Amino acid sequence: MMHILLVDDDPALLDLIRRFLEREEEMQIDTCRSCQEAIELLKASRFDAIVLDYDLPGMSGIDFLKVIKSQGNDTPTIIFTGKGREEIVIKALNYGADYYLQKRGDPRLNFLELLYMIREAVRRHQTRLELRESERRFRESLENARLIAFQLDRSLIITFCNSFLLAFAGYERD
């Protein structure tokens, strides 16, 4: 089950998007109408993805991205907005948005594209988390192994060595 947060100040559009996405059995949708409300929800709940408008009262979607990313929140985020200026797209992506989708044309096609983006962003995020965990376990295994393990960069500078190598060579980690 994917838990999605929708942030938009248009209650009719929020309801429409929520109803469309909830037709998918794997989605649970929470909605809010401001970035401040979204920040409070993020303190209390974990979401698999955030979909937000750019033009919101009190704080733009870009400012919201800056706040949550500075707090270490790496939840996949999709800007879904009527604003289509190139500088907004660039800012959104530079500040950590995974996707940017402009509200234009046929709403059904927009919602289908949004659905695809949500699924893809969640899948990519999950893959990154699994890779990070796999790397952590691998590094931990090397650290605790009773064999010599080290890593060199292109300049032949040691970037990693395990405790066994340090003890064997008589060096301290520093």
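Bear in mind the structure is a predicted one, so any value in this text is a computation, not a measurement. (Residues numbered from 1 in each chain as written. Predicted model: local features only at pLDDT ≥ 70, side-chain atom pairs only at ≥ 80, totals over all residues. Heavy atoms only, no water.)

> It is not clear to me how the pairing of strand 7 (residues 158-161) should be interpreted in this structure. Could you clarify?
Successive side chains on a regular strand alternate, one facing one side of the sheet and the next facing the other. Pairing of strand 6 (residues 150-152) with strand 7 involves three bridges; the strand directions are antiparallel. In the strand pairing of strand 7, Gln-151 is matched with Phe-160. (Pairing = 2+ DSSP bridges. Helix = DSSP H or I, 4+ residues; strand = E, 2+ residues; numbered from the N terminus.)

> It is not clear to me how the packing of aromatic side chains should be interpreted in this structure. Could you clarify?
Applying the stated criterion across every chain, the model contains two aromatic pairs. Aromatic pair Phe-20 and Phe-111: ring centres 5.4 Å apart, planes at 50 degrees, arrangement tilted. You can see Phe-20 sitting in helix 1 (residues 11-22) and its partner Phe-111 sitting in helix 5 (residues 107-144), a full 91 residues away along the chain. A relative accessible area of 9% means that Phe-20 is categorised as buried. Among the residues examined, Phe-111 registers a relative accessible area of 6% and is labelled buried. Judged by centre distance (6.3 Å) and plane angle (65 degrees), the rings of Phe-80 and Phe-111 are edge-to-face. With Phe-80 in strand 4 (residues 77-81) and Phe-111 in helix 5, the pair connects residues that are 31 residues apart, well separated along the chain. Here Phe-80 falls in the buried class, since its relative accessible area comes to 3%. Chaining the aromatic ring pairs together yields one cluster made of Phe-20, Phe-80 and Phe-111. (Phe/Tyr/Trp six-rings, centres within 6.5 Å; stacked < 30°, edge-to-face > 60°. Buried < 20%, exposed > 50% of the residue type's maximum accessible area, 1.4 Å probe, protein only.)

> I keep staring at the pairing of strand 5 (residues 99-102) and nothing clicks. Help me out?
As paired elements, strand 4 and strand 5 share four bridges and run parallel to each other. Bridge pairing in strand 5 places Thr-81 opposite Gln-102. Between the parallel pair strand 4 and strand 5, the chain is carried across by helix 4 (residues 86-94), and the sense of this crossover is right-handed. (Right-handed = clockwise from strand over helix to strand, strands pointing away.)

> How should I be thinking about the side chain of His-3 in this particular structure?
Inspection of the secondary structure assignment puts His-3 in strand 1 (residues 2-7). With relative accessibility at 14%, the residue His-3 sits in the buried group. At 3.1 Å, the side chain of His-3 and the side chain of Asp-30 are in polar contact. Discounting residues that sit within four places of it in the chain, His-3 has contacts with Gln-28, Asp-30, Ser-45, Arg-46, Phe-47, Asp-48 and Ala-49. (Polar contact = N/O pair within 3.5 Å; in protein donor to acceptor, adjacent residues only side chain to side chain. Contact = heavy atoms within 4.5 Å.)

> What is the right way to look at the sheet that holds strand 2 (residues 27-32) in this model?
Adjacent strands of a sheet form backbone hydrogen bonds with each other and so pair up, either parallel or antiparallel. With parallel pairing, the five strands of this open sheet are ordered in space as 2-1-3-4-5. In this open sheet, the two strands that pair with only one neighbour each are strand 2 and strand 5. Along the sheet, successive strands turn relative to each other by an average axial angle of 20 degrees, direction set aside. When strand 3 (residues 49-52) meets strand 4, the two strands line up parallel, connected through three bridges. Paired with Ile-50 across the bridge in strand 4 is Thr-77. (Axes fitted to C-alpha atoms, helices over the stretch in contact; angles between N-to-C directions.)

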